[in-house]
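# Summary of structural features
Listed below are the residues making up each chain.
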Amino acid sequence: MGDPSAGTWTAHTIAPDISRDGVDQHSDGLELADFNSDGLLDVVGAWEAGDTVSLHFHPGTSSSLLSEGHPSAIGWSRVDVALDIDAAEGVLAQDFDVDGEVDIVSASQVAGGGLTVHWNDDDMRTWTGVRLRESSIVSDRWLEAVAADWSGDGGAFDVLGLPETSRLYVWEQPSSGYRDTVNLETSTGSGVYEDQLDWTRTLVIRARWVMWAAPMDVDGDGDLDALLAIRRTSSSLPDEGFAWAENGTTGGVGGTWTIHYIGEHSANGAANNDRRQAMIGCLGDVDDDGDDDIVAPYLDAGTSTWSHLRWYENDDSATTWTDHAITLPTSLESRDMKGCVLGDIDLDGDLDIALTTASSPTSNVWWVEQTATGWDFHAVAVGGWESKLDDPRVADVDGDGDLDIITSGEESETGLAWHENGRCDP
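Residues numbered from 1 in each chain as written. Predicted model: local features only at pLDDT ≥ 70, side-chain atom pairs only at ≥ 80, totals over all residues. Heavy atoms only, no water.

Looking now at the confidence of the model for the protein chain. Overall, the predicted model of the protein chain reaches an average pLDDT of 88, with 90% of residues at or above 70. Under a pLDDT of 50 for its full length, residues 69–73 has, in the predicted model, 15 contacts with residues more than four places off or in other chains. (pLDDT = per-residue confidence, 0-100. Contact = heavy atoms within 4.5 Å.)

Structure below.
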């Protein structure tokens with residue numbers, strides 16, 4: 001068998017960053033889902049500079065085309081879901097109209113670009129894009145969307161939008177007529193109207209540049225709260241750092257939401273060395289005690305005395321999280337953490353971390369092994385072909401029994417790629 005700690009990882013391209021009209025496309029957000037019900041995970045990508053949302057079908061684990069490698073990606077057939085999502089930043093895959101087909105939500109980082117639901121019209125080749133209801137006076141820029149039963153009505157999934165600007169909204173689906181629209185003036189104003197989805201939009205809390213969120217009933221009161229990673233702040237807005245937003249509503253989302261911080265946080269105007277700019281976290285039972293903990297990456301604060309990769313232990317209390325620093329190797333002490341996801345990468349029964357970073361001279365894809373005494377860092381992608389990678393995923397792409405790592409290269413020619421774990425290779 002291969003040994004992932006020995007560096008037996010092989011990078012394969014799913015979709016290269018092919019220049020269009022002289023402009024690199026820059027893949028950003030990604031999501032995994034089985035769109036064609038073949039039991040294999042397909043990949044959705046958001047291409048920020050290309051204003052494109054694309055779907056890439058898994059070629060099958062027995063296909064020789066699966067592992068063609070960089071820069072070829074001929075095995076993954078591609079469908080462009082949309083070519084008009086300005087600065088497509090994030091994507092979400094879920095069956096929103098309860099028809100058995102997986103739909104897609106895309107997030108535009110351009111003011112007024114909105115969140116768009118792309119309805120899957122059965123053949124996965126034809127997609128109908130309709131924006132979520134907005135206001136003619138609101139021009140938010142969106143980073144991601146998170147699906148959950150935020151309203152607590154047991155119906156179809158609702159959507160929480162994560163803003164670059166300052167407003168977190170929940171769009172609640174109706175009990176029927178999921179695709180129904182209403183003709184409204186767009187956020188550009190000037191008498192421009194369009195059909196938008198007739199879902200109920202509620203402002204739940206104000207926060208700036210929310211990089212990540214996850215649904216969790218933190219306080220055990222029966223409704224969903226939101227774990228948040230807040231990258232930036234400004235006057236009168238919540239501090240930078242990880243937090244949870246307490247849903248004070250008894251059924252639904254329309255009540256008062258209250259911010260509670262998890263770990264250190266930094267207020268507006270904090271000195272650079274004291275900033276706690278939260279990045280893309282992940283949720284899982286790190287200590288195997290039956291409840292979910294948070295792995296928390298941060299941007300580099302400019303000091304080696306505070307590790308900007310940590311995990312927060314859930315002490316099964318609405319107010320108590322134990323802060324554990326993860327000691328970084330020297331090569332990462334001054335590098336930005338980008339995103340993480342948990343999975344048992346070495347098949348030893350506990351959760352490890354798949355981690356992406358920016359501008360590391362060693363690697364920007366890592367797996368961080370959980371050991372009896374702490375955490376060991378192992379470079380996955382060695383070389384200069386990936387300079388900035390964002391939100392990773394783990395899945396058994398090649399069907400050999402171990403977890404591989406899927407990445408999106410925002411500033412690299414690789415685009416969407418998967419990194420083959422040699423652990424279970426014959």
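We are not done yet, so read on.
A word on the sheet that holds strand E28 (residues 393–395). Read across the sheet, four strands follow the order E1-E30-E29-E28 without closing on themselves; strand pairing throughout is antiparallel. The open sheet has two edge strands with one neighbour each: strand E1 (9–15) and E28. Averaged over all pairs of adjacent strands, the angle between strand axes in this sheet comes to 25°, irrespective of strand direction. Two strands pair when backbone bridges link them, and strand E29 (residues 404–408) and strand E30 (residues 416–421) are joined in this way by four bridges, in the antiparallel orientation. Directly across from Ser-408, in E30, lies its bridge partner Leu-416. (Pairing = 2+ DSSP bridges. Helix = DSSP H or I, 4+ residues; strand = E, 2+ residues; numbered from the N terminus. Axes fitted to C-alpha atoms, helices over the stretch in contact; angles between N-to-C directions.)

This brings us to the nonpolar core. By size, the foremost hydrophobic cluster in this structure holds 22 residues, and its most contacted members are Trp-212, Leu-227, Phe-242, Ile-262, Ile-294, Tyr-312 and Trp-321. By residue number, the principal contributor to this core is strand E16 (residues 210–216), which donates four residues. Non-local contacts of Ile-294, meaning those with residues more than four positions away in its chain, are made with Trp-212, Leu-227, Phe-242, Ile-262, Cys-282, Leu-283, Arg-310, Trp-311, Tyr-312 and Trp-321. One finds Ile-205, Val-210, Ala-213 and Trp-257 within the second-largest nonpolar core, a separate group that totals 20 residues. (Core = buried A, V, L, I, M, F, W, Y, C linked by side-chain atoms within 4.5 Å. Buried < 20%, exposed > 50% of the residue type's maximum accessible area, 1.4 Å probe, protein only.)

Taking burial as the measure, the six residues of strand E4 (residues 52–57) include six buried ones, the bulk of the element. Covered by surrounding structure in E4 are Thr-52, Ser-54 and His-56 together with Val-53, Leu-55 and Phe-57, the residues of both alternating faces. By the bridge criterion, five bridges tie strand E3 (residues 42–47) to E4 in an arrangement that is antiparallel. Considered in E4, the bridge of Ala-46 is made with Val-53. Counted between consecutive antiparallel strands, the loop separating E3 from E4 contains four residues, among which Asp-51 sits at a positive phi close to 55°.

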